[in-house]
Amino acid sequence: MKLGLVIDLDVCVGCHGCAVSCKQWNTSGTTGPLTDYNPYGKDPSGVWFNRIRSYEVGDYPHNKTINFPMSCMHCEQADCVDVCPTGASYKRAEDGVVLVDQDKCMGCNYCSWACPYGARELDRASGTMKKCTLCIDRIYDERLDEYDRQPSCVITCPAHARHFGDFDDPNSNVSKLVRERGGYALMPELGYNPTNRYLPPRVTRPIPTNDVKKKSLISSVKEWVNQAVAR
Amino acid sequence: MSALPEFEKRSQQEVKATTCYMCACRCGIKVTVEDNKVRYIQGNRDHPINKGVLCAKGNAGIMKQNSPAKLKSPLRRKAGTERGAGEFEAISMAEALDILEARLRKIRETDPLKLAYFTGRDQMQALTGFWASQFGTLNWAAHGGFCSVNMAAGGLYTMGHAFWEFGDPDWDRTKYFMMWGVADDHASNPIKIGLEKLKRNGGKFVGINPARTGYQAIADEWVAIKPGTDAILALSMLHVLLKNNQFDWEFLIRYTNAAYLVVHTPNQTGHGLLLRDAEGKPLVWDMRLTAATDGTRPSITPALFYEGEVQGKPVKSVMTLIAEEYLDEQYSPENAANICGVPAEQIERLALEMAHVAFKESIEVDVPEGWTDWAGRKHYKFIGRPVSMHAMRGISAHSNGFQTCRAIHFLQIMLGTVDVPGGHLAKPPYPKHIPPAIKPAKDCAPNTPLKGPPLGFPTGPEDLVMDAKGKAKRIDKAYSWDAPMSNHGLMHMVITNAVKGDPYKIDTLMMFMANMAWNSTMNTAEIQDMLREKEVGGEYKIPFIVVSDAYHSEMVNFADLIIPDTTYLERWDTISMLDRPISEPHAACDSIRQQVIRPDRDVLSWQEVQLEMGMRLGFPALTNADGSRKYESYKDFIINWQKEPGIGFLAGWRLDEEGNEVHLRGKPNPKQWERYAENGAFFEMHLPEHIRYYRHANKDYLEFAKNAAWVGSTHQIVIELYSETQQRFKLAGQGLYDGPMPTEAHHKERLSTYFNPLPFYYKPLEQCRIDEDEYPLFAVNQRPMFMYHSWDSQNAWLRQICAQNFLYMNRQRGAALGIQDEAWCWVESHHGKIRVQVKLVEACQYDTVWTWNAIGKQKGAWGLKEDANESNDGFLMNHLISELLPVKNDALDNVTNSDPITGQAAWYDLKVKVSPAAEGETGTWPTFPALKPLPNAHVAPDILRYQAHKAVNLERPLADVLSRGSVHDGQRGTANKE
Amino acid sequence: MHPAFSVIFFTVSSGAGYGLFIWLAIAQLFGLASLNTKTTLIAGGIALVLITAGLLSSTLHLANPKNAWRAVMRFKTSWLSREGVFAILFYPSALLYLLAIFMSDHETTTFIKLLALSVIIIGLATVFSTGMIYACLKTIRQWHTALTPANYILMSLTSGAVLLTLVLLSNKVFAASMAITGIGLLILTALTKAIYYFWVHKVTGPTINTATGFTRAQVRLLDTGHSAGTFLNQEFGYQADPSLLKNLKVGVFVLAFFVPSLLLAGVATDYLGVGAALLAFASVLAGLGAERWLFFAEARHVIRLYHGAQHT
Ligand SMILES: Nc1nc2c(c(=O)[nH]1)N[C@H]1C(S)=C(S)[C@@H](COP(=O)(O)OP(=O)(O)OC[C@H]3O[C@@H](n4cnc5c(=O)[nH]c(N)nc54)[C@H](O)[C@@H]3O)O[C@H]1N2
Ligand SMILES: Nc1nc2c(c(=O)[nH]1)N[C@H]1C(S)=C(S)[C@@H](COP(=O)(O)OP(=O)(O)OC[C@H]3O[C@@H](n4cnc5c(=O)[nH]c(N)nc54)[C@H](O)[C@@H]3O)O[C@H]1N2
Ligand code: SF4
Ligand code: SF4
Ligand code: SF4
Ligand code: SF4
Ligand code: SF4
Ligand SMILES: [Mo]
């Protein structure tokens, strides 16, 4: 199995729902708490597994805004794992999920240097590296009903811009979406072979107008002939 | 795969359904609680509103419950200290209630108008309004007057439902969606769900907005409009539709008043009113009879276009007037482009695209059992024009918002997309007859409830709430000549008027859920001064201020008595169909909140407080003849109170005569709360197929609705393209009305200029009274999707997303003005000046600047530390806005800066100039003195490690550590499936 | 990347320590200098102190040092782990080597030769690993080059050679050959560094366009999604003043290479004495400090693309 996410940039409205949902699930989750520094003072900050950035493509007035959520890509070639000296970082053989064993991490930050996608954040209070767990404590919890066995960020997304599934299965929803919508990986040139894929904005279908455009335009009331319509 | 540990101890957790209140969208949530602490808040998948999803705010509920700004007990301003100085003493709830009772009793016994009771983000106006009318004061309203009454009025006076929370696009079927001036809105999650559906179905989404963020980010086409000019854009599109003969003849003839005949006798009494027969029925010209006939009759053949003489009077059909008006060159795309900044070709193309989708891609929904129209005729299809729209405060927060809103509805009606498949659908209990048949109460007397609700829908000058001399009777001057159709009151005028004693002085101002000393007020600093203002004798001009809040807001600081509310997770609450409910277009719904967390402080829900006060004061609806209490508690009241037999606050699980559970109408059911709790805290009743569309003219629906008390009659709801109500007020302004008329010149001008039976564009009022060359930039706000007004800065998670707002400016405009990215700048309006940090972006129309709403905070409020970014770098646009029109030394100087028709606050009419601040001038300005911490305030921690239980780590076995990398060591990280 | 003092100190100090020890062993093996037991022990001691100080400083950098011992677990894939393992292995061989020298009173037995060889190999391996820690990161193009380990090895050997010259001189042992070796190394290292600085300025690799996948128009950052700094900003957001970078580069060449070469030339030709050697080493250290600082300050992690940088 190769579990991961598909993010649909065509519909992400940048609401941050997924990011906060991740925060609330995971602060009491397997690698929690996700510490917040100066939560009620200057420059509040904290540990997040998922952040939403926004970009502008093109110049006004031909600009488009793209909301861009990023969390761990659960890369196939996860250098973050290979560089970790303690073995705290690992990629699960059974499903490809990349995790950090909180009991083994020494907080050297090295894995975060190896991650091109900014997916790892050090928790200063615990001194350990934390990252998206793909909600490992949800997706296998058989006491949850099947739909709920998905990451918190996926079930919460109001725009359904996030999809979870097995990329090894060509018939999974994620594989299909990637095929149909031209899902792409970020910075493929670095060779991490990230599992997560992004769906580009759809191309709008052109709407014809010649069939509703009259050759002789009406310019006064007199030109109308009443149609007989029964009330 | 190795077995995973047990991460969650389910046996120690409990999951309860309730309703989110991180905003007014009212999504269904399931809250997992562990040891009276929230573990997780999840969307309720069965819930009609959110179908399982949650937004950022809803997901941050834990940090609202955990807020250090939570009020801990009732507080009283210390005797001898100044109001606003923040010197409070904690008192018990019992004492607080006694103080309140004594005060209210005296007012009610003498002059109930001395109580002004206004509510902000109130979700049960049916209850607060009920309370006010039982108390007997006219002086009640919720926030609608400064929020979006233009949308409500524009819709309810045109098609019997509206944008805002009254209707929704048919997300499943629409193929073309146009969104006007919306950033997040009340249907926060539903819009997000809907937009995705639309795009997945291949529909086109056009976003009309000066800013391109959020929803507009995913729009297929962005229309960067100049603020305040949407009416001309809409009417220009109408012009294009007319020119190309692209409108729905059948829809107009059957369902609207387009064929009605209008008397055309300019400058005479009665001009512009509908021609009626002896029974008062509107007349149309019938083409077969070649005579005028009752236009409400079925099976006639009305002429859509008619001009002639009937009953000896010159008449024109409504459609003739419409065509005459909008075919005019002033509405040509070229002229419109000059005003709204949208290129002419784009205007024309958009109009034609809509015509194409409406008429060439129309849809038919088969109804095998048939649907019956108002005349009793059966049809087996619903014809749909799959073009839909949504509009909100970008339209309504302008002083021309009412007419603009109507202009947008005109487009929908011309295309035949109202309550049809793929169009804009009403949500039960809407549509209502036009307008809803409730008139505002006019009179009050000591110890006497009002005869009707304080707010209603006037249809002519005789419905206004004024004394014989034409002086306003309400403290906010609603329903006066200043704002005749102010259906939601003018909350933004209450403090100003009360302090001025214009129209009179009050004794007590009671506020619930409104931060009127800060972000929900125009002109913040001066309002704070007004709240402190004293008479010569030393008494405060507003003698007593009572605030119900759950948190340490800026408003709390100005209270004399603070009644601390519970949080939304701590209380029992109702979201009723008597109010704006949570219904979906095809389902009647309402819901409850149930207590999921036990409060750990001396707090009482405002619902309970109101009920308690009402019973103590002897409200007839709450007490028996002998003065004893009718209800034990809020829950008991909700079950047993009935508006009319069979109709109460909650529509689900009532009882029929035999004691079976029935919905919508029925006797009180003692088990009602339990039923709601079992059902996920909501009630949903799907409408049968055949009453889902054309409900304004759908007989079965209208009968169904009458039974549910949603409408008062089963007559067809005729869509009012032509508004006679508007014309009546216009005539009054022109001195041609057969009834009350204004005497002052500026009132006459106001009525004759801005009221019009057909919508039109006019330049917003403020902009007509300032030098636009000096203030060249439009300045507007947007709701951030991750914050709710002022109340989310206390949220440790949400404020990390945005603790400081910027003024966003077009990059090219910035370059032209010599403004660098992230420079501190002065922003000046006719009224005030602020210092802010500018960000240059593409996502902003060239002549506009915008910022996120309500990020700036007063130091010390909301449990934040004094160095918090919100109060040192963040800012409010409100300092630049005035609740009065710009001073020009004329009769309009003291007139509200609002829509002249509805009294809607004109927040977005603001124009400013921006210039770089001097070297070294950084930080926000103005700043305000820090609020004192409340006596028993929680201490805000420096580090937060919230956790409902200790984490269960997933351990990696040693053998695995030693043996496996990701792929480098030849072993694929991902094992092949066996 | 943020130039953390602990890491700069670690690489400079332990680099010099390994270099010193390696040269000590080479000198022993090839008879480059007429070493005696005392000088060898002193030099070895100094090297171990430098190495140990460096390693200790590097553990200061850890947020959770109690797990530092686990760093040896992933020798298989992690250069950091390898560095740790080599660093640990280095101690027994180095100590054994010094013990053997002490016991044999500086007679070059085969055993000692073998030990010397192992010290050289392990030492080089350690320094190479240090270099590879940086070089293996595809995320930082300024580091992801063979020049990085080459640079680390050369820097270590150069500073070690200069330091050995100093130790020899201060123990009144003939040091001209060591000084000449030093000069040769200084020139070679300077050349490598010059190539590096030339190379690093050629912008290549991912851009904001490839990072986001929008390659047909200019991409600009609108919002980072958080208003205050985050771990990512703190760790990767470091931005040095470009003019400072330029000036420091001149400083690197003057201090790390030019001045010490001149001084060592004086030493080799006997014009200058132990003071000059001391100065030369001090100058090398200062130059290396600057070089290391620049190595970090100029490195731009690809995550910056997501925070608005157009390229790295
Ligand atoms: N997340 C969140 N949701 C909320 C709220 C909140 O505070 N936070 N508040 C709730 C409340 S009380 C309300 S009233 C609703 C309001 O919901 P919205 O209507 O979404 O309110 P605003 O944010 O005021 O949005 C106004 C939008 O119109 C644009 N605009 C401004 N002027 C014009 C104009 O003249 N023409 C056009 N076409 N566009 C214009 C602005 O750029 C902005 O995008 O949201 C509700 N929902
Ligand atoms: N510049 C500018 N100003 C604006 C707007 C704008 O677009 N631009 N928009 C306007 C609009 S549309 C609106 S609706 C207003 C909104 O303005 P308000 O209605 O004032 O909304 P809030 O600022 O959220 O204040 C609501 C108060 O309710 C309190 N509260 C929260 N939860 C509870 C609870 O459970 N119980 C009780 N009793 N109190 C609670 C909060 O602490 C807060 O003090 O702002 C208006 N102000
Ligand atoms: S929840 Fe969905 S729409 Fe919102 S930011 Fe996340 S991915 Fe985008
Ligand atoms: S995104 Fe970063 S943390 Fe996640 S697997 Fe890839 S490299 Fe590792
Ligand atoms: S910070 Fe922890 S997980 Fe990351 S490389 Fe170091 S030890 Fe491994
Ligand atoms: S999968 Fe889970 S941990 Fe990862 S971003 Fe989503 S919610 Fe967070
Ligand atoms: S939109 Fe968000 S905050 Fe509002 S009710 Fe729904 S989940 Fe709660
Ligand atoms: Mo509002």
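What you are looking at is a predicted structure, and each value in this text was computed from that prediction instead of being measured. (Residues numbered from 1 in each chain as written. Chains lettered and ligands numbered in written order. Predicted model: local features only at pLDDT ≥ 70, side-chain atom pairs only at ≥ 80, totals over all residues. Heavy atoms only, no water.)

*Asks:* Describe the overall build of chain C, listing the residues and the values that go with them.
*Replies:* A count of helices and strands for chain C gives eleven helices and one strand. In chain C, the order of α-helices and β-strands from amino to carboxyl end is α-α-α-α-α-α-α-β-α-α-α-α. For a compact globule of 312 residues, the expected C-alpha radius of gyration is about 20 Å, and chain C comes in at 21 Å, within 12% of that figure. For the C-alpha atoms alone, the extent of chain C along its principal axes is close to 70 × 45 × 30 Å. When burial is assessed residue by residue, chain C has 60% of its 312 residues classed as buried. Relative to all contacts within chain C whose residues are 6 or more apart in sequence, the contacts with residues 24 or more apart total 80%. As displayed, chain C offers around 12,200 Å² of accessible surface, 73% of which is attributable to carbon and sulfur atoms. (Helix = DSSP H or I, 4+ residues; strand = E, 2+ residues; numbered from the N terminus. Rg over C-alpha atoms; globule rule 2.2 N^0.38 Å. Buried < 20%, exposed > 50% of the residue type's maximum accessible area, 1.4 Å probe, protein only. Contact = heavy atoms within 4.5 Å. Areas by Shrake-Rupley, 256 points an atom, 1.4 Å probe, with all protein chains shown as cover.)

*Asks:* Lay out the overall build of chain B with the relevant residues and their values.
*Replies:* Per the secondary structure count, chain B includes 28 helices and 35 strands. Compactness check: chain B gives a C-alpha radius of gyration of 28 Å against a globular reference of 30 Å for 978 residues, within 12% of the reference. Over its C-alpha atoms, taken along the principal directions, chain B stretches across nearly 90 × 85 × 80 Å. Excluding contacts between residues fewer than 6 apart, the proportion of contacts in chain B whose partners are at least 24 apart in sequence is 70%. In chain B, the 108 positive side-chain charges and the 119 negative ones have mean positions that sit 2 Å from each other. (Lys, Arg positive; Asp, Glu negative; His and termini not counted. Charge placed at Lys NZ, Arg CZ, Asp CG, Glu CD.)

*Asks:* Describe the interface of chain A and chain C, with residues and values.
*Replies:* Each partner contributes to the interface: chain A provides 56 residues, whereas chain C provides 57 residues. In total, chain A and chain C occlude about 4,500 Å² of area from one another, counting both sides; carbon and sulfur atoms represent 60% of this. For the pair chain A and chain C, the interface holds 30 residue pairs in polar contact (both at pLDDT 80 or more). Breaking the side of chain A that touches chain C down by element, the ones donating at least two residues are strand E4 (51–57), strand E5 (64–70), helix H2 (79–83), helix H3 (110–114), strand E8 (120–123) and strand E9 (128–131) of chain A. Looking at which element gives the most residues to the side of chain A that touches chain C, the answer is E4 of chain A, with seven residues. Of the residues assigned to the side of chain A that touches chain C, the class counts are 28 nonpolar, 15 polar and 13 charged. Note: E4 of chain A against strand E1 (residues 219–223) of chain C, four bridges, orientation antiparallel. Bridge pairing links Glu56 of chain A to Arg220 of chain C in E1 of chain C. (Buried area = accessible area lost by both parts, 1.4 Å probe. Polar contact = N/O pair within 3.5 Å; in protein donor to acceptor, adjacent residues only side chain to side chain. Nonpolar A, V, L, I, M, F, W, Y, C, P; charged D, E, K, R; others polar. Pairing = 2+ DSSP bridges.)

*Asks:* Tell me about the sheet that holds strand E31 (residues 824–828) of chain B, and name the residues and values.
*Replies:* All names here are of chain B. The sheet built from six strands closes into a barrel, its strands ordered E29-E33-E30-E32-E31-E34 with mixed pairing. Put simply, the sheet's adjacent strands are angled 45 degrees from each other on average, direction ignored. Sheet analysis places E31 next to strand E34 (residues 911–916), joined by four bridges and oriented antiparallel. The residue bridging Glu828 from the neighbouring strand is Lys913, located in E34. (Axes fitted to C-alpha atoms, helices over the stretch in contact; angles between N-to-C directions.)

*Asks:* Could you give me a rundown of the pattern of salt bridges, with the residues and numbers involved?
*Replies:* Residues and elements named next belong to chain B. In total, this model carries 88 salt bridges over all chains according to the counting rule given. With its nearest N and O atoms 2.8 Å apart, the salt bridge here joins Asp184 to Lys192. As far as burial versus exposure is concerned, Asp184 and Lys192 are alike and both buried. Lys865 is paired through a salt bridge with Asp942; the nearest N and O atoms lie 2.4 Å apart. (Salt bridge = Lys/Arg side-chain N within 4 Å of Asp/Glu carboxyl O.)

*Asks:* Any chance you could break down the interface of chain B and chain A for me, citing the residues and the numbers?
*Replies:* With 135 residues of chain B in contact, the opposing surface of chain A contributes 113 residues. Between chain B and chain A, roughly 10,300 Å² of surface is buried when both sides are summed, and carbon and sulfur atoms account for 53% of that area. Counting across the chain B and chain A interface gives nine salt bridges. Element by element, the count of residues in the side of chain B that touches chain A is highest for helix H13 (residues 344–360) of chain B, at eight residues. Class assignment of the residues belonging to the side of chain B that touches chain A gives a composition of 63 nonpolar, 34 polar and 38 charged. Sheet topology note: the strand E2 (residues 36–37) of chain A/strand E35 (residues 943–944) of chain B ladder contains two bridges and is antiparallel. Its bridge partner lying in E35 of chain B, Asp36 of chain A is registered against Leu944 of chain B.

*Asks:* Explain the site of ligand 2 residue by residue, including any values.
*Replies:* All names here are of chain B. Around ligand 2 lies a shell of 31 residues, among which Asn515, Ser520, Asp549, Asn781 and Ser790 are the nearest. Here a nitrogen atom of ligand 2 and a side-chain polar atom of Asp565 are 2.8 Å apart. Take Asn853: an N or O atom from its side chain is 3.2 Å from a nitrogen atom of ligand 2. Considering ligand 2 on its own, with 910 Å² of exposed area, one finds that the protein chains cover 99% of that surface. Residue assignment for the shell around ligand 2 shows that the elements contributing at least two residues are helix H5 (144–147) and strand E22 (544–549). (Near = heavy atom within 4 Å.)

*Asks:* Let's hear about the confidence of the model for chain C: which residues, and what values?
*Replies:* Confidence in the prediction of chain C, expressed as mean pLDDT, is 95, and 100% of residues score 70 or more. The complex prediction reports pTM at 0.97, with the ipTM value standing at 0.97. (pLDDT = per-residue confidence, 0-100.)

*Asks:* For the site of ligand 3, give the residues involved together with the corresponding values.
*Replies:* Around ligand 3, 13 residues are found, and the nearest of them are Cys12, Cys15, His16, Cys18 and Cys157 of chain A. Class assignment for the residues of the shell around ligand 3 results in nine nonpolar, three polar and one charged.

*Asks:* Could you give an account of the nonpolar core, naming the residues involved and the relevant values?
*Replies:* Among the nonpolar cores identified, the biggest contains 493 residues, and Phe68 of chain A, Trp180 of chain B together with Trp143 of chain C are the most heavily contacted of them. Looking at this core element by element, the count peaks at 14 residues for helix H1 (residues 5–30) of chain C. Sequence-distant contacts of Trp143 of chain C, that is, excluding residues within four places in its chain, are made with Trp113 of chain A together with Met1, Tyr134, Ala135, Leu137, Thr148, Tyr196, Phe295, Phe296 and Ala299 of chain C. In this structure, Leu275, Leu283, Tyr306 and Val315 of chain B belong to the second largest nonpolar core, which totals nine residues. (Core = buried A, V, L, I, M, F, W, Y, C linked by side-chain atoms within 4.5 Å.)

*Asks:* Tell me what's going on with the packing of helix H9 (residues 230–243) of chain B against helix H11 (residues 318–326) of chain B, and back it up with residues and numbers.
*Replies:* Angle between the axes and distance between the axes are the two parameters that describe a pair of packed helices. All names here are of chain B. At their nearest, the axes of H9 and H11 sit 9 Å apart, and the two run at 110 degrees to each other. As judged from the angle between their axes, H9 and H11 are roughly perpendicular. Handedness of the H9/H11 crossing: left-handed. In this structure, H9 uses Leu235, Leu238, His239 and Leu242 to contact H11, whose residues at the interface are Met319, Ile322, Ala323 and Tyr326. Tallied by class, the residues present in the contact of H9 with H11 amount to seven nonpolar, one polar and no charged. (Parallel < 35°, antiparallel > 145°, perpendicular 65-115°, else oblique. Left-handed = near helix turned anticlockwise from the far one by under 90°.)

*Asks:* Break down helix H21 (residues 699–707) of chain B for me, with residues and values.
*Replies:* All names here are of chain B. For H21, every residue scored as buried is listed here: Tyr701, Leu702 and Ala705. End-on view of H21: buried residues confined to an arc of 95 degrees, all on one side of the axis. Once H21 ends, the next one or two residues include Ala709, with phi positive near 65 degrees. (Arc of directions from axis to C-beta.)

*Asks:* Just give me the short version of the sheet that holds strand E15 (residues 307–310) of chain B, but keep the residues and values in it.
*Replies:* All names here are of chain B. With antiparallel pairing, three strands are arranged side by side in an open sheet as E12-E16-E15. In this open sheet, the two edge strands, each paired with only one partner strand, are strand E12 (261–263) and E15. Taken pair by pair, the neighbouring strands of this sheet meet at an average axis angle of 40 degrees, ignoring direction. Pairing analysis gives three bridges linking E12 to strand E16 (residues 313–317), with the strands arranged antiparallel. Bridge pairing in E16 links Leu261 to Ser317. Along the sheet, H11 makes contact with E12, E15 and E16, crossing E16 at roughly 70 degrees.

*Asks:* Could you give an account of a nonpolar patch on the surface, naming the residues involved and the relevant values?
*Replies:* A grouping of Leu96, Leu99, Phe102, Met103 and Phe111 of chain C is seen on the molecular surface, where their side chains present a nonpolar patch of about 560 Å² in accessible area. Summarising the element assignment, Phe111 of chain C is placed in helix H4 (residues 110–135). (Patch = residues over 30% accessible without salt bridge, like charges linked within 9 Å, V, L, I, M, F, W, Y side chains within 5 Å.)

*Asks:* I'd love a proper account of the layout of surface pockets, names of residues and values included.
*Replies:* Quantified by volume, the second largest pocket comes out at close to 980 Å³. Examining the composition of the lining of the second largest pocket, we find that four residues originate from one element, E1 of chain C, more than from any other. (1 Å grid on protein atoms, 1.4 Å probe; cavity = no way out; pocket = protein on both sides within 12 Å on 5 of 7 lines; lining within 4 Å. Points joined across faces, edges and corners; volume = space filled by probe spheres on them.)

*Asks:* Quick one: what's the story with the packing of aromatic side chains, residue by residue and with numbers?
*Replies:* Geometrically, a pair of aromatic rings is defined through the distance of the ring centres and the angle of the planes. A complete count under the given rule lists 79 aromatic pairs over all chains for this structure. For the pair Tyr55 of chain A and Phe68 of chain A, a centre-to-centre distance of 5.5 Å together with 85 degrees between the ring planes defines the contact as edge-to-face. Of this pair, Tyr55 of chain A sits in strand E4 while Phe68 of chain A sits in strand E5; the two residues are 13 residues apart in sequence, bridging distant segments of the chain. The burial state of Tyr55 of chain A is the same as that of Phe68 of chain A; both residues are buried. Each ring, one from Trp518 of chain B and one from Phe928 of chain B, has its centre 5.3 Å from the other, and the planes form 80 degrees; the classification is edge-to-face. Here Trp518 of chain B, found in the loop between strand E21 (508–512) and helix H17 (524–532), pairs with Phe928 of chain B, found in the loop between E34 and E35; they are 410 residues apart in sequence, far enough to count as distant. The exposure class assigned to Trp518 of chain B is buried, which follows from its relative accessible area of 3%. Within the aromatic cluster, the residues linked to one another by ring pairs are Tyr110 and Trp113 of chain A together with Tyr134, Trp143, Tyr152, Phe295 and Phe296 of chain C. Between the NZ or CZ atom of Lys138 of chain C and the centre of the ring of Tyr192 of chain A, over which it lies, the distance is 4.9 Å. (Phe/Tyr/Trp six-rings, centres within 6.5 Å; stacked < 30°, edge-to-face > 60°. Lys NZ or Arg CZ within 6 Å of the ring centre and 35° of its normal.)

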